[in-house]
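Working through the structure, step by step
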Amino acid sequence: MNLELLLLLAAALFCIGLFGALTQQSVVMLMMGLELMLGGVIVAAAAAWHYIAPAAAEGQVLVVLAVTAMALEMAIGFAVVTALFRSREIDMTDMATKLKE
């Protein structure tokens, strides 16, 4: 695969995630859109690093750290959403205004 195809894949992932994050009202679907956007950024960064410095291992380490941080962030986010749903039955973004009360 060449750089253009990988960047096209990254842009497609980012655009699908952006569309999902902007159009969905469910908190879980919003988080899935954000996950796709982060995945697109990671694919673009990994592709660029591979074509800029293919012999350097720093790019691979950076991608692994980014994926690990993304997984931790999503796990914490889902835990917060689960706690909110169990305590106040909030599952939509427009229902989150109840948190001020």
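Our subject is the structure that appears above.
Residues numbered from 1 in each chain as written. Predicted model: local features only at pLDDT ≥ 70, side-chain atom pairs only at ≥ 80, totals over all residues. Heavy atoms only, no water.

Some points on a nonpolar patch on the surface
Spelled out, the test is: Distance thresholds for patches are 9 Å for like charges and 5 Å for nonpolar side chains (Val, Leu, Ile, Met, Phe, Trp, Tyr), applied to residues having over 30% relative accessible area and no salt bridge. Using the Shrake-Rupley algorithm and a 1.4 Å probe, accessible areas are obtained, with residue cover drawn only from the displayed protein chains. Each salt bridge in this description consists of a side-chain nitrogen of Lys or Arg and a carboxyl oxygen of Asp or Glu lying within 4 Å of one another. A run of H or I in DSSP counts as a helix once it spans at least four residues, and a run of E counts as a strand once it spans at least two, with each numbered from the N terminus.
On the surface, Phe 14, Leu 18, Leu 22 and Val 41 cluster together into a nonpolar patch covering about 350 Å² of accessible area. Mapped onto the fold, Phe 14 is located in helix α1 (residues 3–23).

What to know about the environment of Met 92
Put simply, the test is: Only protein chains enter the area calculation, which uses a 1.4 Å probe; residues under 20% of their type maximum are buried, those over 50% are exposed, and those in between are partly exposed. Whether two residues are in contact is decided by their heavy atoms, any of which lying within 4.5 Å being enough.
For Met 92, the location among the structural elements is in the segment after α3 (58–88). Look at Met 92 and you get partly exposed, because its relative accessible area is 28%. For the pair Met 92 and Leu 9, spaced 83 residues apart in the sequence, the C-alpha separation amounts to 30 Å. Excluding anything up to four places from it in sequence, Met 92 contacts Gln 25, Ser 26 and Val 27.

Re α3
Keep this limit in mind: One fewer than the residue count of a helix, multiplied by 1.5 Å, yields its expected span.
An ideal rise of 1.5 Å per residue puts 45 Å on 31 residues; α3 measures up with 44 Å between its terminal C-alpha atoms. Turning to α3, its buried residues number three or more, namely Gly 59, Met 70, Met 74, Gly 77 and Val 81. Phi turns positive, to about 55 degrees, at Glu 89, one or two residues after α3.

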